[in-house]
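# Descriptive structure summary
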Amino acid sequence: MPSTVLVGAQWGDEGKGKITDLIAKDYDYVVRYQGGNNAGHTVVHAGKTLALHLMPSGVMYEHAVPVIGNGVVVDPGVLVTEMAMLSAEGIDCSKLKISCDAHVIMPYHKDLDGADEKRLGSNQIGTTKRGIGPCYQDKAARKGIRVQDLLDEKIFRLKVETALAQKNPILEKIYNIHTYTVDEICEEYLPYAKILKPYMDETAQLLNEALAQGKNILFEGAQGTLLDIDHGTYPYVTSSSCCAGGAATGTGVGPVAISKVLGIQKAYVTRVGGGPFPTEQRSAEEGAEAEEAEVGDTLCSVGHEYGVTTGRRRRCGWFDAVIARYAAQVNGLTDIALTKLDVLSAFDTIKVCVAYECEGTRYEYFPMQQSVLFHAKPIYEELPGWKGEDISGCRSFDELPKNTQHYVEYLEGLAGVPMSIISVGPDHDQTIMRGWSSC
Ligand code: IMP
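Conventions we followed
- Residues numbered from 1 in each chain as written.
- Predicted model: local features only at pLDDT ≥ 70, side-chain atom pairs only at ≥ 80, totals over all residues.
- Heavy atoms only, no water.
- Helix = DSSP H or I, 4+ residues; strand = E, 2+ residues; numbered from the N terminus.
- Contact = heavy atoms within 4.5 Å.
- Domains from an automatic or database assignment.
- Buried area = accessible area lost by both parts, 1.4 Å probe.
- Buried < 20%, exposed > 50% of the residue type's maximum accessible area, 1.4 Å probe, protein only.
- Pairing = 2+ DSSP bridges.
- Expected span 1.5 Å × (residues − 1).
- Bend = angle between axes of the 7 residues up to and from the residue.
- Polar contact = N/O pair within 3.5 Å; in protein donor to acceptor, adjacent residues only side chain to side chain.
- Phe/Tyr/Trp six-rings, centres within 6.5 Å; stacked < 30°, edge-to-face > 60°.
- Lys NZ or Arg CZ within 6 Å of the ring centre and 35° of its normal.
- 1 Å grid on protein atoms, 1.4 Å probe; cavity = no way out; pocket = protein on both sides within 12 Å on 5 of 7 lines; lining within 4 Å.
- Points joined across faces, edges and corners; volume = space filled by probe spheres on them.
- Lys, Arg positive; Asp, Glu negative; His and termini not counted.
- Salt bridge = Lys/Arg side-chain N within 4 Å of Asp/Glu carboxyl O.
- Near = heavy atom within 4 Å.
- Areas by Shrake-Rupley, 256 points an atom, 1.4 Å probe, with all protein chains shown as cover.
- Nonpolar A, V, L, I, M, F, W, Y, C, P; charged D, E, K, R; others polar.

### Thoughts on the side chain of S57
Tracing the sequence through the fold places S57 in the loop between β4 (48-52) and β5 (65-68). Setting aside anything within four residues of it in sequence, one finds S57 in contact with T20, D21, V30, H41, L52 and E220.

Given below as structure tokens:
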């Protein structure tokens with residue numbers, strides 16, 4: 001039956017939350033498959049803006065079952081707090097299912113994340129310091145603690161003891177920060193176990209049975225293609241498989257069950273944290289000329305480009321078709337949702353990066369070597385804008401100004417994937433449906 005992966009096609013923060021909200025009504029299950037509370041999106045409920053970091057957004061829909069898959073890393077304190085916040089707002093969390101195989105973020109993961117970033121100095125990745133990387137490290141090293149370990153106090157204590165025998169010397173001797181006792185951690189985590197126990201499940205079986213019964217699943221990606229541990233701008237990435245392929249490994253559903261892959265792309269590009277960003281429009285403090293700084297500042301202020309999780313100002317730049325083509329390939333995109341098109345109404349003309357140039361070579365596709373990406377100069381095409389025309393009220397493609405239509409068609413041609421959803425404002429109804437169907 002129709003299942004869709006919704007995936008960020010840039011460096012995250014493409015507006016996945018709004019598009020998920022928009023299409024979730026067509027799905028019986030909404031499933032997170034990777035990442036943890038490094039993600040963040042805002043939802044509006046009864047006129048109030050709520051921030052979700054770990055809870056699948058399916059929780060907002062009465063008909064949908066929200067599932068945290070095995071590929072997610074769970075900070076139980078964050079999950080319990082988020083559930084309490086949602087319940088206080090009258091949102092029912094009782095249908096939530098948490099995979100017993102998901103890994104647990106422990107207090108020392110958060111400490112190590114922060115301490116390691118400090119150690120890297122100017123080479124920092126700019127992580128969210130939520131313990132994501134260290135938790136996935138333990139998973140890959142087969143030393144992790146899983147959600148199911150919380151079910152048995154004896155096993156949990158034993159695993160914490162084994163972990164601390166390795167972590168405490170690292171915390172103390174390498175980073176010179178505080179260590180933990182088994183009792184300390186058990187005191188904090190075992191009460192969470194009690195709260196979360198009723199929600200723990202064998203979610204791979206649950207989802208496969210649902211598919212067999214003809215139910216629809218929406219796999220809700222967090223972060224984005226270029227933050228993927230394999231396909232992203234390594235090492236400036238997160239530690240999970242954000243791309244569409246991660247939906248299969250992160251949930252235990254076979255890839256043939258996935259019929260659509262919807263990539264979310266902003267009409268320009270942003271990223272947070274360190275790493276290469278060819279079309280970045282830097283600020284004056286970073287040495288940019290007035291024109292570049294003005295573009296960056298305008299994108300940031302008009303687009304409200306500040307992180308939901310960290311509050312950090314996002315780096316902003318023009319649309320990059322090299323990234324768009326790459327994302328289309330590595331995710332197998334069947335559709336694109338183009339978001340925040342209205343933000344570009346602020347410009348007289350709009351630049352689009354069609355390729356890169358580095359040491360005399362033109363790159364139409366993502367360069368093989370990271371060092372090329374660091375030194376790549378964008379080759380731009382400049383398109384006429386639609387400044388002064390408010391497109392936020394347009395509800396069909398034909399209502400858009402001719403230059404806006406041309407911009408969308410131009411990007412579509414470069415990406416090679418139909419842009420079947422276009423977002424022209426933050427509200428649900430500020431959307432142009434241009435051929436999207438969930439099945
Ligand atoms: P981590 O996921 O906290 O380890 O951070 C690794 C990199 O991914 C950093 O550059 C973060 O800024 C970035 N990152 C993590 N989560 C998000 C997100 O939800 N949106 C955008 N960037 C993110």
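### Points about the domain arrangement of the protein chain
Often, the extent of an interface is quoted as the loss of accessible area on bringing the components together. Taken domain by domain, the protein chain comprises domain 1 (3-99 + 201-262), domain 2 (103-195) and domain 3 (266-433). On a C-alpha basis, the centres of domain 1 and domain 3 stand 24 Å from each other. Contacts between the two partners involve 34 residues from domain 1, matched on the other side by 40 residues from domain 3. When the two sides are added together, the surface that domain 1 and domain 3 hide from each other amounts to roughly 2,700 Å², 61% of it contributed by carbon and sulfur.

### Some thoughts on the pairing of strand β2 (residues 29-32)
A two-sided burial pattern is seen for β2, the buried positions comprising Y29 and V31 on one face and V30 and R32 on the other. Taken together, the four bridges between β2 and β5 define a ladder with parallel strand orientation. Pairing of Y29 across the sheet is with V65, part of β5. Across four bridges, the pairing between β2 and strand β10 (residues 217-220) is parallel. In the sheet register, R32 faces β10, and the bridge partner there is E220.

### Let's talk about helix α5 (residues 153-174)
Turn by turn, an α-helix covers 3.6 residues, leaving residues three or four places apart pointing in a common direction. End to end, α5 covers 30 Å across 22 residues, agreeing with the expected 32 Å (1.5 Å per residue, within 8%). The largest bend in α5 amounts to roughly 35 degrees and is located at L164. Among all positions of α5, only F156, V160, A163, L164, K167, N168 and L171 are buried. Elements in contact with the buried residues of α5: α3 (107-120), α4 (132-140) and α6 (182-196). Two or three places before K154, at the opening of α5, D152 has a side-chain oxygen 2.9 Å from that residue's backbone nitrogen.

### Here we look at the packing of aromatic side chains
All told, the structure shown has seven aromatic pairs when counted by the stated rule. For the ring pair Y236 and F374, a centre distance of 6.1 Å and an interplane angle of 75 degrees mean the geometry is edge-to-face. Taken together, the residues Y236 in the loop between β10 and α8 (246-249) and F374 in helix α11 (residues 370-375) connect sequence positions 138 residues apart. Looking at Y236, the relative accessible area reads 13%, which means it is buried. Residue F374 is classed as partly exposed on the basis of its relative accessible area, which comes to 44%. Ring centres of Y326 and F366 lie 4.4 Å apart, and the angle between their planes is 15 degrees; this geometry places the pair in the stacked category. Note that Y326 is positioned in helix α10 (residues 321-331) and F366 in the loop between β17 (361-363) and α11, a separation of 40 residues in sequence. Residues Y326 and F366 agree in their burial class; the two are buried. Put simply, the rings of F156, Y189 and Y192 pair up and form one aromatic cluster. Over the ring of F397 we find R434, and its NZ or CZ is 4.1 Å from the ring centre.

### What to know about empty space enclosed by the protein
The final tally for this structure, using the stated rule, is one cavity of 30 Å³ or more. Lining the largest cavity are V74, P76, I98, V104, V147, L150, L196 and M200. If you count residues domain by domain, the lining of the largest cavity takes at least three from each of domain 1 (3-99 + 201-262) and domain 2 (103-195).

### Examining the side chain of R271
Structurally, R271 is set in strand β12 (residues 269-271). Among buried charged residues, R271 stands out as having no salt bridge; its nearest opposite-charge side chain is E280, 7.9 Å away. Within the local environment of R271, its side chain forms a polar contact with the backbone oxygen of Y236, the two atoms lying 2.9 Å apart. Filtering out sequence-adjacent residues up to four positions away, R271 remains in contact with W11, L227, T233, Y236, P276, F277, R314 and R315.

### A few points about the pairing of β5
Burial along β5 is two-sided: V65 and V67 facing one way and P66 and I68 facing the other are all buried. Here two bridges tie β5 to strand β7 (residues 97-99), and the two strands are oriented parallel to one another. Directly across from V67, in β7, lies its bridge partner K97.

### Regarding the site of the ligand
Around the ligand, the structure places 15 residues, and the nearest of them are D13, N38, T128, T238 and R312. One of the backbone N or O atoms of G126 is found 3.2 Å from an oxygen atom in the ligand. The side chain of R312 places a nitrogen or oxygen atom 3.1 Å from an oxygen atom of the ligand. In the complex, the protein chains occlude 96% of the 470 Å² of accessible area that the ligand would expose alone. Within the shell around the ligand, the residues separate by chemical class into six nonpolar, seven polar and two charged.

### What to know about the environment of P2
By secondary structure assignment, the location of P2 is in the segment before β1 (3-8). Through-space distance from the C-alpha of P2 to that of L211 is 8.7 Å; in sequence the pair is 209 residues apart. With residues near it in sequence (within four places) discarded, P2 still touches N216, I217, S259, S438 and C439.

### Here's the deal with the sheet that holds strand β20 (residues 431-433)
Across the sheet, ten strands lie side by side as β9-β7-β5-β2-β10-β1-β11-β15-β19-β20; this open sheet has mixed pairing. Looking at the sheet topology across the chains shown, the edges are occupied by β9 (200-201) and β20. Summarising the sheet, strand β19 (residues 419-423) and β20 pair through three bridges and their orientation is antiparallel. Across the sheet, I422 pairs through a bridge with I432, a residue of β20.

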